[in-house]
Amino acid sequence: MKTTFKIIEIINIAALIFLLLGAYGLAITGGLQVLAAILFVLIFPENKLIYIYFALVILFFSFWNGGFGWLFVIPIYLIFFLTIIIYHQKAKLSTS
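Rules used in this analysis
Each chain carries its own residue numbering, running from 1 in the direction its sequence is written. Per-residue local features are limited, in this predicted model, to residues with pLDDT of at least 70; the limit for side-chain atom pairs, both in listing and counting, is 80 or more; totals at the level of whole chains, interfaces and linings are taken over all residues. As a rule here, side-chain values come from all non-hydrogen atoms in the structure, and water together with hydrogens is ignored. A cavity here means a set of points on a 1 Å grid, drawn over the protein atoms and nothing else, where a 1.4 Å probe fits but cannot get out; a pocket is an open set with protein on both sides within 12 Å along at least five of seven lines, and a residue lines either one if it has an atom within 4 Å of a point. Grid points are joined across faces, edges and corners, and a volume is the space filled by probe spheres set on the points. Classes in brief: Ala, Val, Leu, Ile, Met, Phe, Trp, Tyr, Cys and Pro nonpolar; Asp, Glu, Lys and Arg charged; the others, Gly included, polar. Per the convention used, a helix needs a DSSP run of H or I reaching at least four residues, while a strand needs a run of E reaching at least two, with both numbered from the N terminus. Only protein chains enter the calculation, and the probe is 1.4 Å; a residue is then buried if its accessible area is under 20% of its type maximum, exposed if over 50%, and partly exposed in between. Working rule for contacts: check all heavy atoms of both residues, and any pair within 4.5 Å makes them a contact. Each Phe, Tyr or Trp ring, with Trp reduced to its six-membered ring, pairs with another whose centre is within 6.5 Å; inter-plane angles below 30 degrees give stacked pairs, above 60 give edge-to-face pairs, and intermediate values give tilted ones. Each helix should span, by expectation, one fewer than its residue count multiplied by 1.5 Å. Arc, as used here, means the arc of the directions from the helix axis to the C-beta atoms. Any residue with relative accessible area above 30% and no salt bridge may belong to a patch, with like charges joined within 9 Å and the nonpolar Val, Leu, Ile, Met, Phe, Trp and Tyr side chains within 5 Å. Per-residue accessibility takes into account occlusion by the displayed protein chains alone, with areas from the Shrake-Rupley method and a 1.4 Å probe. Every case where a carboxyl oxygen of Asp or Glu lies within 4 Å of a side-chain nitrogen of Lys or Arg is listed as a salt bridge. Take the buried residues of types Ala, Val, Leu, Ile, Met, Phe, Trp, Tyr and Cys, join any two whose side-chain atoms come within 4.5 Å, and each joined set is a nonpolar core.

### With respect to the layout of surface pockets
Roughly 280 Å³ of volume is contained in the largest pocket. Lining the largest pocket are 18 residues, with Leu 26, Gly 30, Phe 60, Phe 61 and Pro 75 sitting closest to its centre. For the lining of the largest pocket, the per-class residue count stands at 14 nonpolar, four polar and no charged.

### Some remarks on the side chain of Gln 89
Relative to the elements of secondary structure, Gln 89 occurs in helix 4 (residues 73–95). When its relative accessible area of 4% is taken as the criterion, Gln 89 is described as buried. Discounting residues that sit within four places of it in the chain, Gln 89 has contacts with Phe 5, Phe 40, Phe 44, Glu 46 and Asn 47.

### Points about the packing of aromatic side chains
Under the defined criterion, the tally for this structure stands at five aromatic pairs. Their ring planes at 20 degrees and their centres at 5.6 Å tell us that Phe 60 and Trp 64 sit as a pair that is stacked. Given the relative accessible area of 30%, Trp 64 is considered partly exposed. Taken together, the ring pairs in this structure connect Phe 60, Phe 61 and Trp 64 into an aromatic cluster.

### Concerning helix 3 (residues 48–63)
Structural remark: α-helix, 3.6 residues per turn; residues separated by three or four positions point the same way. For helix 3, with 16 residues, the first-to-last C-alpha span of 23 Å sits near the 22 Å given by 1.5 Å per residue. Taken together, the buried positions of helix 3 are Ile 50, Tyr 53, Phe 54, Val 57 and Phe 60. In a view along the axis of helix 3, the buried residues occupy a sector of 120 degrees, so they form one face of it. Residues of helix 3 that are exposed and point over 90 degrees away from its buried face: Lys 48, Ile 58, Ser 62 and Phe 63.

### Overview of a nonpolar patch on the surface
Residues Leu 49, Ile 52, Leu 56, Leu 59 and Phe 63 make up a contiguous nonpolar surface patch of about 440 Å² in total accessible area. On the secondary structure map, Ile 52 appears in helix 3. Classification of Ile 52 as partly exposed rests on a relative accessible area of 42%.

### Considering the nonpolar core
Counting residues in hydrophobic clusters, the biggest one holds 17 residues, and the most contacted among them are Phe 40, Ile 50, Tyr 53 and Leu 82. When residues of this core are assigned to their parent elements, the largest contribution, five residues, is made by helix 2 (residues 23–43). In contact with Ile 50, other than residues within four places in its own chain, are Ala 37, Phe 40, Val 41, Leu 82 and Ile 85. Counting residues in each nonpolar core, the second largest holds five residues, with Leu 26, Leu 71, Phe 72 and Ile 79 among its members.

Geometric values such as these leave the question of function open.
See the structure below:
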């Protein structure tokens, strides 16, 4: 579990770095973050925040029409929300 958690952290950091590439980087970031979230939910299925993350991702893609409008604020929040979820779980593990 510790190795997989480290992989999730590395994927998340790589995703945040791709964010610097603008619109293309945002797409790569989103893909990497969803991959990290899938691994996270496999390891920590009891974490309720990850299910909120997936619900928000589904909600975004339900309303997205393919353009770059005001709706693109949601993925930016999702990037930081997943990062908070990952590091909150890491802090929780280190205290127990």
